[in-house]
Amino acid sequence: MFDVISFGTATYDVFLRSEGMQVENNDGMKDLCFRLGAKLEVKEIYFDYGGGGTNSATTFKRQGLNTACVVQVGGDTFGQRILADLTKERICTDLINIQKDNYTDYSTILWAPDGGRTILVYRGKTRLEVENIPRDKLDTKWFYVSSLEGNLEIVEKLQGKIMWNPGNRELKQREKVLELLPKITILNVNKEEMEELLNVQCTMYNVQTLL
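The present account deals with the structure reproduced in this document. Numbers given to residues run from 1 along each chain, matching the order in which its sequence is written. Since the coordinates come from a predicted model, pLDDT governs what is reported: local features require at least 70, and pairs of side-chain atoms require 80 or more to be given and counted, while whole-chain, interface and lining totals use all residues. No hydrogens and no water enter the side-chain calculation; it runs on all heavy atoms of the structure.

## Describing the overall build of the protein
Which entries qualify depends on this criterion: We count a stretch as a helix when DSSP gives it H or I for four or more residues in a row; a strand needs E for two or more, and each element gets its number in order from the N terminus. Type-normalised accessible area, obtained with a 1.4 Å probe on protein chains alone, sets the label of each residue: buried when under 20%, exposed when over 50%, and partly exposed for intermediate values. Should any heavy atoms of two residues lie within 4.5 Å, those residues are considered in contact. For the area figures, the Shrake-Rupley method with a 1.4 Å probe applies, and any residue is considered shielded solely by the protein chains shown. This count recognises Lys and Arg as positive and Asp and Glu as negative, with His and chain-terminal groups excluded. The atoms used to mark charge sites are NZ of Lys, CZ of Arg, CG of Asp and CD of Glu.
Per the secondary structure count, the protein includes 7 helices and 13 strands. Its C-alpha atoms give the protein principal-axis dimensions of about 55 × 50 × 30 Å. Counting over 211 residues, the protein shows a buried share of 42%. Within the protein, residue pairs in contact and separated by at least 24 positions form 61% of the contacts whose partners lie at least 6 positions apart. Summing over all exposed atoms, the protein offers an accessible surface of approximately 12,400 Å²; the carbon and sulfur share of this is 47%. Positive and negative charge centroids in the protein, built from 26 and 30 side chains respectively, lie 3 Å apart.

## Points about the sheet that holds strand E13 (residues 186–187)
To keep things clear, this is the line we draw: Any two strands are treated as partners once DSSP identifies two or more bridges connecting them.
Read across the open sheet, the 5 strands follow the order E6-E1-E11-E12-E13; overall the sheet is parallel. In the strand order of this sheet, the two ends are held by strand E6 (67–70) and E13, each with one partner. Bridge count for strand E11 (residues 140–145) against strand E12 (residues 162–164) is 3 bridges, and the pairing is parallel. Counted as the bridge partner of Phe-143 is Ile-162 from E12.

## Looking at the pairing of strand E4 (residues 29–33)
As paired elements, strand E3 (residues 22–26) and E4 share 5 bridges and run antiparallel to each other. Note that in E4 the partner of Gln-22 across the bridge is Cys-33. Between E3 and the antiparallel strand that follows it, E4, lie 2 residues; Asp-27 among them carries a positive phi value of about 55 degrees.

## Observations concerning the environment of Asn-168
With respect to the helices, strands and loops of the structure, Asn-168 is situated in helix H4 (residues 168–171). Its relative accessible area of 54% is what places Asn-168 among the exposed residues. Sequence separation between Asn-168 and Thr-58 is 110 residues; the distance between their C-alpha atoms is 22 Å.

## Topic: the pattern of salt bridges
Note the threshold: By definition here, a salt bridge exists when the distance from a side-chain nitrogen of Lys or Arg to a carboxyl oxygen of Asp or Glu is within 4 Å.
Under the definition given, this model contains 8 salt bridges. Across the pair Arg-127 and Glu-129 runs a salt bridge whose closest N-O atoms are separated by 3.0 Å. We classify Glu-129 as partly exposed; its relative accessible area is 22%.

## Overview of helix H6 (residues 191–198)
Test applied: Under the rule applied, a polar contact is a pair of N or O atoms within 3.5 Å (in protein, one hydrogen donor and one hydrogen acceptor; residues adjacent in sequence only if both atoms are side-chain atoms).
The complete set of buried residues in H6 reads Glu-193, Met-194, Glu-195 and Leu-197. Capping of H6 at its N-terminal end is provided by Asn-190; its side-chain oxygen lies 3.2 Å from the backbone amide nitrogen of Glu-192. One or two residues past the end of H6 sits Asn-199, with phi positive at roughly 60 degrees.

## Notes on the sheet that holds strand E5 (residues 44–50)
Condition: Each axis is a line fitted through C-alpha atoms, taken for helices only over the stretch in contact, and angles between the N-to-C directions span 0 to 180 degrees.
Taking strand neighbours across the sheet as the criterion, the 4 strands line up as E5-E2-E9-E10 in an open arrangement whose pairing is mixed. A single partner strand is all that each edge strand has here, and the edge strands are E5 and strand E10 (117–122). Mean inter-strand twist for the sheet, computed between neighbouring axes without regard to direction, equals 20 degrees. Looking at chain direction, strand E2 (residues 11–17) and E5 are connected through 7 bridges and run antiparallel. Paired with Arg-17 across the two strands is Glu-44, which belongs to E5.

## So, the nonpolar core
Definition in use: Residues belong to a common nonpolar core when they are buried Ala, Val, Leu, Ile, Met, Phe, Trp, Tyr or Cys residues joined through side-chain atoms within 4.5 Å.
One finds Ile-5, Phe-7, Val-70, Leu-138, Val-145 and Trp-164 to be the most contacted residues of the largest nonpolar core, which totals 25 residues. Secondary structure elements with two or more residues in this core: strand E1 (2–7), E6, E11, helix H3 (153–157), E12 and helix H5 (174–180). Examining the composition of this core, we find that 3 residues originate from one element, E1, more than from any other. Among all residues touching Phe-7, those that are not within four sequence positions of it are Gly-53, Val-70, Leu-128, Ile-133, Leu-138, Phe-143, Tyr-144, Val-145, Ser-146, Leu-148, Ile-154 and Leu-158. In terms of nonpolar packing, the next biggest core, distinct from the first, is built from 12 residues, Ala-57, Val-73, Ile-82 and Leu-83 among them.

From the geometry alone we can't say anything about function, so treat these as descriptive.
In structure tokens:
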């Protein structure tokens, strides 16, 4: 039996920093700018896996918990790297679904000189579906569910202790999320997400009232 099985997304990320990128103010907003057609020198580059499913699994494993994750990856180089990195962390990868003919989700993170960032995200056809989950292997004390790209059916099917950190696509389905709350053991949202879920104004309530 696992201590926790983490559900969510898996991405492969590349972080880039270049002195050729500049931050400019635009009507109170900040824009990350670089010249069209330019060839910019990259001063720093860093590769790592990301995504709510893999990141949370890594956190739990590093706390000493017996952990597995349920995510989907493509049958490409990045999918293989994610599997290798999770194996190195001693996270069980037996529950991961591999879409051999599709690409793994991928992000390019542009570091700005002021420390801010802009993220370019590729979402492939690797959204986790109910039929991709090995239900006979879900022997665990806890489920941790992060963003599922709007797929609430997965939460509906889970039975047991559930900690849920819904993503934006889930929160936009407000009525369905509220219907699912009675089966959730722990709901993990911030103040703004709770306000969105309860459809209240931030000036009217504090955190204690929202709870």
